[in-house]
Amino acid sequence: MAYIIALDQGTTSSRAIIFDHEQNIVDIRQNETRQYFPQSGWVEQDPQDIWASTFGALQETLAATGISPETIDALAITNQRETTIVWDKASGKPVYNAIVWQCRRTADRCQDLVDKGYKEQIAEKTGLVIDPYFSATKLAWILDEVDPDRTRAKAGDLLFGTVDTWLLWKLTDGQVHATDYTNASRTMLFNIHSLTWDQDILDLLDIPQAMLPEVHPSSYPFGQAHLGRNVMVPVAGMAGDQQAALFGQTCFSPGEAKNTYGTGCFLLMNIGHEPIISRHGLVTTIAAGTSDQPTYALEGSIFVGGAVIQWLRDILHILDEAADSDFFATKLEDNEGVYLVPAFVGLGAPYWDSYARGSMFGLTRGTGRAHIVRAALEAIAYQTHDVLEAMVAESPVEIKTLQVDGGAAENDFLMQFQADILNVPVVRPQILETTALGAAMLAGLAVGVWQDLAEVARHRQVDQTFKPAMDGNKRQKNIDGWKEAIRRTLTNQA
Ligand SMILES: Nc1ncnc2c1ncn2[C@@H]1O[C@H](COP(=O)(O)OP(=O)(O)O)[C@@H](O)[C@H]1O
Ligand SMILES: O=P(O)(O)OC[C@H](O)CO
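Residues numbered from 1 in each chain as written. Chains lettered and ligands numbered in written order. Predicted model: local features only at pLDDT ≥ 70, side-chain atom pairs only at ≥ 80, totals over all residues. Heavy atoms only, no water.

An unreviewed UniProt entry annotates the protein chain as Glycerol kinase of Peptococcus simiae. UniProt's Function (unreviewed entry) comment on the protein chain is quoted here verbatim: "Key enzyme in the regulation of glycerol uptake and metabolism. Catalyzes the phosphorylation of glycerol to yield sn-glycerol 3-phosphate." Its UniProt record, at the heading Subunit (unreviewed entry), says of the protein chain: "Homotetramer and homodimer (in equilibrium)." (UniProt positions renumbered as here; feature names shortened; annotations may be inferred.)

Asks: Please set out the sheet that holds strand β17 (residues 283-287) residue by residue, giving values where relevant.
Replies: An order of β17-β18-β16-β15-β21-β22-β23 is seen for the seven strands of this open sheet, with the pairing classed as mixed. The sheet is open, and its two borders are formed by β17 and β23 (462-466), each paired with just one other strand. For this sheet, the mean inter-axis angle between neighbouring strands, taken without regard to orientation, is 30 degrees. (Pairing = 2+ DSSP bridges. Helix = DSSP H or I, 4+ residues; strand = E, 2+ residues; numbered from the N terminus. Axes fitted to C-alpha atoms, helices over the stretch in contact; angles between N-to-C directions.)

Asks: Now, about the site of ligand 1: what can you tell me, with residues and values included?
Replies: Taken together, 18 residues are adjacent to ligand 1, and T12, T263, G306, G407 and N411 come closest. At a separation of 3.4 Å, an oxygen atom of ligand 1 approaches a polar side-chain atom of R15. Within the backbone of G306, one N or O atom sits 2.9 Å away from an oxygen atom of ligand 1. Among the elements that make up the shell around ligand 1, the one with the highest residue count is helix α10 (residues 307-314) (three residues). When grouped by side-chain class, the residues that make up the shell around ligand 1 number five nonpolar, 12 polar and one charged. Two domains share the shell around ligand 1, each providing at least three of its residues, namely domain 1 (3-241) and domain 2 (250-429 + 461-494). (Near = heavy atom within 4 Å. Polar contact = N/O pair within 3.5 Å; in protein donor to acceptor, adjacent residues only side chain to side chain. Nonpolar A, V, L, I, M, F, W, Y, C, P; charged D, E, K, R; others polar. Domains from an automatic or database assignment.)

Asks: A description of the UniProt feature "binding site: glycerol" (unreviewed entry) in the protein chain should follow, citing residues and the corresponding values.
Replies: Following the UniProt record, one finds the feature "binding site: glycerol" (unreviewed entry) at R81, E82, Y133, D241 and Q242. Checked against the element boundaries, Y133 lands in the loop between α3 (119-126) and α4 (135-146). When near neighbours in sequence (up to four residues on either side) are disregarded, Y133 contacts R81, E82, W101, R104, K138, R186, F266, E299, S301, F303 and W352. Within the structure, the side chain of Y133 is placed 3.2 Å from the side chain of R81, a separation counted as a polar contact. (Contact = heavy atoms within 4.5 Å.)

Asks: Which residues make up the sheet that holds strand β2 (residues 13-20), and what are the values?
Replies: The six strands are arranged β3-β2-β1-β5-β14-β13 in an open sheet whose pairing can be described as mixed. Edge positions in the open sheet fall to β3 (25-32) and β13 (219-226), since each of these has one partner strand only. Between one strand and the next, the sheet's axes are offset by a mean angle of 25 degrees, whatever the strand orientation. Relative to β2, strand β1 (residues 3-9) runs antiparallel, the two being bridged by seven bridges. By the bridge assignment for β2, Y3 is matched with D20. The strands that helix α1 (residues 47-65) touches are β1, β2, β3 and β5 (72-79); relative to β3, the one it contacts most, it runs at about 145 degrees. Its contacts with the sheet put helix α6 (residues 163-171) on β1, β5, β13 and β14 (232-240), and the angle it makes with β5 is roughly 145 degrees.

Asks: Quick rundown of the pattern of salt bridges? Include the residues and the values.
Replies: The tally for this structure, following the rule as stated, stands at 27 salt bridges. When the shortest N-O distance is used, the salt bridge between K125 and D198 registers 3.0 Å. Taken together, the residues K125 in helix α3 and D198 in the loop between β11 (196-197) and α8 (199-205) connect sequence positions 73 residues apart. The two residues K125 and D198 agree in class, both being buried. K125 is the salt-bridge partner of D200, the closest N and O atoms lying 3.0 Å from each other. One end of the pair, D200, is in helix α8; the other, K125, is in helix α3, with 75 residues separating them in the sequence. What makes D200 partly exposed here is its relative accessible area of 44%. (Salt bridge = Lys/Arg side-chain N within 4 Å of Asp/Glu carboxyl O. Buried < 20%, exposed > 50% of the residue type's maximum accessible area, 1.4 Å probe, protein only.)

Next comes the structure, spelled out in structure tokens:
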């Protein structure tokens, strides 16, 4: 028997998942990772914790299953994207905490770039909206702190990486400094047409090319991971988690879309080989693929999805477990006019408001735990509605079904409410670990475990389809209430 192991480094946890050649999950090990919130809207993680939790999960899964590393055909890495790490090449030590994708510390820098008129140019080159979400201004911020005149970065003594690059570098004992197209396309430094780092943007932010990783397709022999006792295993697949999930959901054709409900929610639609620059608040990104010719995707990035449930559990303490949210939400017939806008770190697509903060509306003396829990789950579905609405406006392709995955997609109430609010069937696959599966598929294709896309798609199975069942008037009333809540939360409206 031979296997592929996917390392899925998400915002809240690091997982190692063993797949066999039939794409069955043989074992999963998971370690939580800690987030730090040093100031309002700031989010950091410790890069050493990211590494230790990931490598620990890998070692634990090998120990628990007794699977010998010699029988592993390939490793795959998939990761929270945009999160920015800079380390010292000689010592291998990070020079600052990882600045997490959700972090808003560079909001003013981004506003300054917008005010100076770079919006169109950056959208044309990178497919992105100027926002603190992406790595570019986070990297410039770290350099301003630790290497203001850029001497060390220019000499190549400091290296930059997103989480995939950091893990690859650690796994290969500092031999390989590389990333893939999908992760590079989230930095706001990468030209998605020429598939190269963009010198104009590097100059604009004073970022030396010498510190940037090489960029390859997602299905590629990146390097040999050192798993101890002279055992080397090829790392043959790397992709940002959302693009890996799109691939794992087998959305290989234009018009096919998925939404992942993790810490955030990320709705991606395959748009084929021609990038569209969005006029409706979406971003254009490179999808995971097996060749040099890129496939593109339109993406709606929602910053707070499942994280709102974590907030109810860990900060408000009104839930013991995230899964209990289903029980409380279904205690009510409807939301009774209560809306929660979880703009804890501003709002992403399609609003892009860095300065908005969370708000709740419609509270009465009768408002209790069930209302707040339900409003939180509904907010995940409404935000997805707003993104899908933008996607429909952008693309002539009709979205007939929405494929879903991620931790919060286990919540039946949320999935049914999502189908009701979108008026589109929501299809949940049997394997919810689609992100890891997609990465494993990319690695397996690179090393010849599977021959082609048709072969990797063969194993996909549906768990449940949630069909829209809400009356049209009620749907509209719900959406109107949400739009009003959004209107009252935004700071950037004219
Ligand atoms: N049954 C559930 N209902 C609602 N939210 C859930 C449920 N299970 C997990 N979550 C939420 O999903 C997120 C974890 O999903 P996961 O896909 O592991 O995220 P990530 O990859 O971002 O770390 C957490 O934010 C958690 O609050
Ligand atoms: O940690 P996740 O799975 O919510 O994914 C984070 C995204 O990659 C951020 O862009």
